[in-house]
Amino acid sequence: MKEYQTITEISGPLVFAEVDEPVGYDEIVEIETEDGRTLRGQVLESSDGLVSIQVFEGTGGIDRNASVRFLGETMKMPVTEDLLGRVLDGSGNPIDGGPEIVPDERHDIVGKAINPYSREYPEEFIQTGVSAIDGMNTLVRGQKLPIFSASGLPHNDLALQIARQATVPEEDEGSDDGDGSEFAVVFGAMGITAEEANEFMDDFERTGALERSVVFMNLADDPAVERQVTPRLALTTAEYLAFEKDYHVLVILTDMTNYCEALREIGAAREEVPGRRGYPGYMYTDLAQLYERAGRIEGQEGSVTQIPILTMPGDDETHPIPDLTGYITEGQIMMDRDLNSQGIEPPVNVLPSLSRLMDDGIGEGLTREDHGDVSDQMYAAYAEGEDLRDLVNIVGREALSERDNKYLDFADRFEEEFVQQGYDTNRSIDETLELGWDLLSMLPKEELNRIGEDLIEEHYREEEPEAVQAD
Amino acid sequence: MSQAEDIESVDEDGVIESVSGPVVTATDLDARMNDVVYVGDEGLMGEVIEIEGNLTTIQVYEETSGVGPGEPVQNTGEPLSVDLGPGMLDSIYDGVQRPLDVLEGKMGTAFLDRGVDAPGIDLEKKWEFTPEVEEGDTVEPGDIVGVVEETVTIDHKVMVPPDYEGGEVTAIEAGEFTVEETVVELDNGEEIQMHQEWPVREARPAGDKETPTEPLVTGQRVQDGLFPLAKGGTAAIPGPFGSGKTVTQQQLAKWSDADIVVYIGCGERGNEMTEVIEDFPELPDPQTGNPLMARTCLIANTSNMPVAARESCIYTGITIAEYYRDMGYDVALMADSTSRWAEAMREISSRLEEMPGEEGYPAYLAASLSEFYERAGKFQLMNGGEGSISVVGAVSPPGGDFSEPVTQNTLRIVKTFWALDADLAERRHFPSINWNESYSLYKDQLDPWWESNVAGDWSDIRQWAVDVLDEEDELQEIVQLVGKDALPEDQQLTLEVARFLREAWLQQNALHDVDTYCEPEKTYRMLEAIKTFNDEAFEALEAGVPVEEITDVDAAPRLNRMGTAEEWESFIEEIENDLQEQLRALY
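As the structure is a computational prediction, the values presented were derived from the model and not from experiment.

Peer 1: Any details on unusual backbone geometry? Residues and values, ideally.
Peer 2: That bond from Glu345(A) to Pro346(A) is cis: its omega, -10°, falls within 30 degrees of zero. Note that Pro346(A) resides in the loop between helix H9 (337–341) and strand S21 (354–355). Residue Pro431(B) is bonded to the preceding Phe430(B) through a cis peptide linkage, with omega at -10°. One non-glycine residue, Asp28(B), lies in positive phi territory at about 60°. As for its position among the elements, Asp28(B) is in the loop between strand S2 (23–27) and strand S3 (35–39).

Peer 1: Provide a residue-level description of the interface of chain B and chain A, including the pertinent values.
Peer 2: Note on interface size: it is often stated as the accessible area lost on association of the parts. Contact residues are listed per partner, giving 72 residues for chain B and 78 residues for chain A. Taken together, the two surfaces of chain B and chain A that pack against each other cover about 6300 Å², and 52% of this comes from carbon and sulfur. Where chain B packs against chain A, one counts three salt bridges. A salt bridge links Lys112(A) to Asp113(B), with the nearest nitrogen and oxygen atoms 3.1 Å apart. Connecting chain B to chain A are 33 residue pairs in polar contact (both at pLDDT 80 or more). Counting residues per element, the ones that place at least two in the side of chain B that touches chain A are strand S1 (13–20), helix H1 (100–107), helix H4 (270–279), helix H5 (307–326), helix H6 (338–351), helix H11 (458–482) and helix H12 (489–506) of chain B.

Peer 1: Which residues make up the layout of surface pockets, and what are the values?
Peer 2: Its boundaries defined by the atoms lining it, the second largest pocket holds a volume of some 1200 Å³. Lining the second largest pocket are 39 residues; nearest its centre among them are Asp387(A), Arg427(B), Glu472(B), Gln476(B) and Arg502(B). Elements with a contribution of two residues or more to the lining of the second largest pocket: helix H11 (371–395) and helix H12 (402–419) of chain A together with helix H9 (422–426), H11 and H12 of chain B. Of all the elements, H11(A) adds the most residues to the lining of the second largest pocket, at ten residues. Across the lining of the second largest pocket, the residue classes tally to twelve nonpolar, eight polar and 19 charged.

Peer 1: How would you explain the UniProt feature "domain: ATPase F1/V1/A1 complex alpha/beta subunit N-terminal" (unreviewed entry) in chain B if you had to name every residue and give the values?
Peer 2: Within this numbering scheme, the UniProt entry marks residues 16–77 of chain B as carrying the feature "domain: ATPase F1/V1/A1 complex alpha/beta subunit N-terminal" (unreviewed entry). Summarising residues 16–77 of chain B: 0% helix, 58% strand, and an end-to-end C-alpha distance of 17 Å.

Peer 1: Account for the UniProt feature "domain: ATPase F1/V1/A1 complex alpha/beta subunit N-terminal" (unreviewed entry) in chain A, naming residues and giving values.
Peer 2: UniProt records the feature "domain: ATPase F1/V1/A1 complex alpha/beta subunit N-terminal" (unreviewed entry) at residues 7–72 of chain A, using the numbering of this structure. Each end of residues 7–72 of chain A is marked by a C-alpha atom, and these two atoms are 18 Å apart; helix forms 0% of the span and strand 58%.

Peer 1: Go over the UniProt feature "domain: ATPsynthase alpha/beta subunit barrel-sandwich" (unreviewed entry) in chain B with me, naming the residues and quoting the values.
Peer 2: Summarizing the sequence annotation, UniProt attributes the feature "domain: ATPsynthase alpha/beta subunit barrel-sandwich" (unreviewed entry) to residues 119–201 of chain B in the numbering used throughout. Between the end C-alpha atoms of residues 119–201 of chain B there is a gap of 19 Å, over a span that is 0% helix and 47% strand.

Peer 1: Could you give an account of the nonpolar core, naming the residues involved and the relevant values?
Peer 2: Residue and element names in this part refer to chain B. Formed by 81 residues in total, the largest nonpolar core has its most connected members in Trp 418, Trp 464, Leu 501, Ile 530, Phe 533, Leu 559 and Leu 579. Here this core gets nine residues from one element, more than from any other, and that element is helix H13 (residues 520–542). Shared between two domains, this core takes at least three residues from each, and those domains are domain 3 (212–441) and domain 4 (455–585).

Peer 1: Lay out the domain arrangement of chain A with the relevant residues and their values.
Peer 2: All names here are of chain A. Structurally, chain A comprises domain 1 (3–74), domain 2 (77–361) and domain 3 (371–459). One C-alpha centre belongs to domain 2, the other to domain 3; they are set 31 Å apart. Of the residues lining the interface, 31 residues belong to domain 2; the matching set on domain 3 comes to 23 residues. Carbon and sulfur atoms make up 56% of the surface buried where domain 2 meets domain 3, a total of about 2200 Å² over both sides. For the pair domain 2 and domain 3, the interface holds one salt bridge. Among the salt bridges present, the one from Asp 424 reaches Arg 164, with a minimum N-O distance of 3.7 Å. At the junction of domain 2 and domain 3, the tally comes to 18 residue pairs in polar contact (both at pLDDT 80 or more). Secondary-structure elements contributing two or more residues to the side of domain 2 that touches domain 3 are helix H1 (131–134) and helix H2 (155–165).

Peer 1: How would you explain a nonpolar patch on the surface if you had to name every residue and give the values?
Peer 2: The grouping of Ile394(A), Ile478(B), Leu481(B) and Val482(B) at the surface amounts to a nonpolar patch, some 360 Å² of accessible area in total. Per element, the largest residue contribution to the nonpolar patch is three residues, and it comes from H11(B). Its location among the elements puts Ile478(B) in helix H11.

Peer 1: Break down the pairing of strand S17 (residues 248–254) of chain A for me, with residues and values.
Peer 2: Residues and elements named next belong to chain A. Counting buried positions over the seven residues of S17 gives seven, a clear majority of the element. Burial along S17 is two-sided: the face carrying His 248, Leu 250, Ile 252 and Thr 254 and the face carrying Val 249, Val 251 and Leu 253 are both buried. Summarising the sheet, strand S15 (residues 183–192) and S17 pair through seven bridges and their orientation is parallel. For Val 186, the partnering residue across the bridge sits in S17 and is Val 251. Direction of pairing for S17 relative to strand S19 (residues 303–311): parallel, over a ladder of seven bridges. When the bridges of S19 are listed, Val 249 appears paired with Val 304.

Cut-offs and rules
Residues numbered from 1 in each chain as written. Chains lettered and ligands numbered in written order. Predicted model: local features only at pLDDT ≥ 70, side-chain atom pairs only at ≥ 80, totals over all residues. Heavy atoms only, no water. Helix = DSSP H or I, 4+ residues; strand = E, 2+ residues; numbered from the N terminus. Contact = heavy atoms within 4.5 Å. Buried area = accessible area lost by both parts, 1.4 Å probe. Salt bridge = Lys/Arg side-chain N within 4 Å of Asp/Glu carboxyl O. Polar contact = N/O pair within 3.5 Å; in protein donor to acceptor, adjacent residues only side chain to side chain. 1 Å grid on protein atoms, 1.4 Å probe; cavity = no way out; pocket = protein on both sides within 12 Å on 5 of 7 lines; lining within 4 Å. Points joined across faces, edges and corners; volume = space filled by probe spheres on them. Nonpolar A, V, L, I, M, F, W, Y, C, P; charged D, E, K, R; others polar. UniProt positions renumbered as here; feature names shortened; annotations may be inferred. Core = buried A, V, L, I, M, F, W, Y, C linked by side-chain atoms within 4.5 Å. Buried < 20%, exposed > 50% of the residue type's maximum accessible area, 1.4 Å probe, protein only. Domains from an automatic or database assignment. Patch = residues over 30% accessible without salt bridge, like charges linked within 9 Å, V, L, I, M, F, W, Y side chains within 5 Å. Areas by Shrake-Rupley, 256 points an atom, 1.4 Å probe, with all protein chains shown as cover. Pairing = 2+ DSSP bridges.

Have a look at this one:
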């Protein structure tokens, strides 16, 4: 391994060094400063005689006398089943005071694309116990379903609720509990505050979830460039657990916005031509290389399901980060500020939310035969109620027809009874759908044009339903 | 693609000078523009995209992690080409026509490895060749010399390659051959195999373009009814995420009455392609009843596969489409999504440090888009026949903003515009094609077909529907201010009629077994039934019946069930009779 003392330029997170032998693209580099610290980095560009290196821990303390070592390999994550229950920093070093990690294997963190031919289409319903998700935007195993949130909204509470409650109904009834595929959580934090980190850790410990979790923590005051690596380490671990150890892995990545900021920082330091709002033109490809690492593989037991969380700058859905994310992921769960201030928990606005894989994960034999129709009808009815609210502000409720008033009531009760449930309530899919029928029965039968006639016969509550219990 | 064994015969080796993501530069490489080269010790496939003095710039179709300066580059001396021949249908390729099922076998893992190559068509398989010409016949480029049953649905026609001279047939024989064996010999020494190669960036030659006069029947009411696409036409589907672009594209791939469908998943989701791979072999082709895959060629370059191959997958697809067009087939090509293709161009361009145009896209974006869409059309073929390529490109505008460069440059070229609308999608109105913004410039030239094949008054009744929807749009603005009840009764009734047009006719459930496909006759009859309601209702109104009573008749809500009705002919007839009876009974 050759060592150089040939640094020519240091700029932001980048170091440039001269070399006299070829260095591979993406190779890992160690830089040793004069005071004996060792920093790690990665080759961003390699040309004859000159390489540019991105330093994960930041370039502070590096001078031109620092020595540079090229390790001759790309970055690897040491993986083993023993990682479950461990807390690591953003570069994969243990920070929980536990023993050294003895890896079974070392996996390249860039990860290879899954051959689309080898994938298995996800259609196994995951019950999260949250009506707004299960009923309206169903999550399935192998899906990537982000939470689009904004600063000040309780996205962490929702993510934790999902991590706590997520089950696959049939397997609960199965006798071989504990055998077969197990459930694991891989948690990748990028640039979250220490306080948020504590909130997550406390919850993991309180509920005992930690022992089936692997936690990667890059905090707000950790180096920004390291955020480039954290999600890749997390996903490499998840893939190992899923496709070699048969776990059903739920990956929670938060906050993707911080990840993208780090991407922009490196792009700017490299003086690249920026794309929209200064983010690099390759951000779509870069994000896809993370998000696409979810799914199922034919003939394999395990699965990787992703719930990335991102905060939309200025609540703006068209900002490049949510926009590019939405084009890659299979839907989104949208948090809403107004619902939050009304005290709805979780404040999920179902109208702009979507689960693309829902249609294949629900229905007879999967959830319930009426699921699809009920959800469609509730969407249509809630959308109509929402529209009418604008009108009420102008003309008042009295000026509206009886039909319109029914839709207004529906929209109110939909938010207050269906979406509202609290972070500790776990509703089964049956409860969720029955609640849906309670609400739909407020509308006259003829209005239910999205639901098959036989299903209406079976489920429609003929009389005015009595006050529905709160959950 | 050219195989690994070709490399030995090539001596023009270069050396890698620098590596930056998918862009590699090499020195001392003797190459022409667009030559395919093998990069590095692992032999990663790439293409020459810039030559400057002794320095050659290459875009690499595979991951370049770990590749470093000093490694060799070998030139194949050939431009990026596709293998054409029987066996392309019922296949799934990546962006440079490597069959993904074969790759899985060769790599032995579900993950895509590097440096593995495979020919686009099976070179071992034997096909039953039936001659169509005899010894002594004279054949010219593009002429059909024989037929092979490629799938249960499609006869693959073996043609004289367009770059041959042609001449008298001296030997031809029926029997089983592999694609590389000679099936026809000509007097000038030319030998014809079932296998041809063609460079992807060059359009295959054909005769003149004609004005298309036949619709590509899609089985989707809003498309067939309001905004039709011609066989040989071009269409764009722009829409923000979640508005249903992919479902719309897949519906077209499933139900449109093309002979051949080439479906390109360009930079999209892996699970979506898997859905197509799993569904298509199961679904029946609406025309023949055979599995859909028997007429389909899939190209999948998902968003996490190398970006350079995303740039090339569009060309790979259109070249395959042209090859089937040359056999005289009507081909429909779906590209989902052209924005990802444009972004791949942008990414490569910025790595080359080219001067950017609008929003960082290269200045040649508009030229590349129009060059691609111009490869669509209804053509006179070299062999005197006719064939067509219809191109439907999805566009994914950032933030749903149609003023961005890819949407705008696409709209300048295509003649059908299906604008997807996030608002409609949110209220689960699918297909969420906005009827106020969308247009089709083929309407007039396709009307004669509708009038002679479906109904003589087609264009009148369609115009009636358009007028009602327009009027609704205007009335809605007033309703927003004063409420519906403040409108005069006739306008209230118009709103009701428009509601049926939207909910019963334009809306169509892709997941419902019956509603997913709607033949032109049914599209027409459903519209006619709504028109019947309209006419009868207005007569009742004139006779003094209050509007609430009119809309309360119990036959009216049944209009919403027309789409899903199995016996639609009798169902619609019954509704029409009931409507007449019940509405007339009111006065």
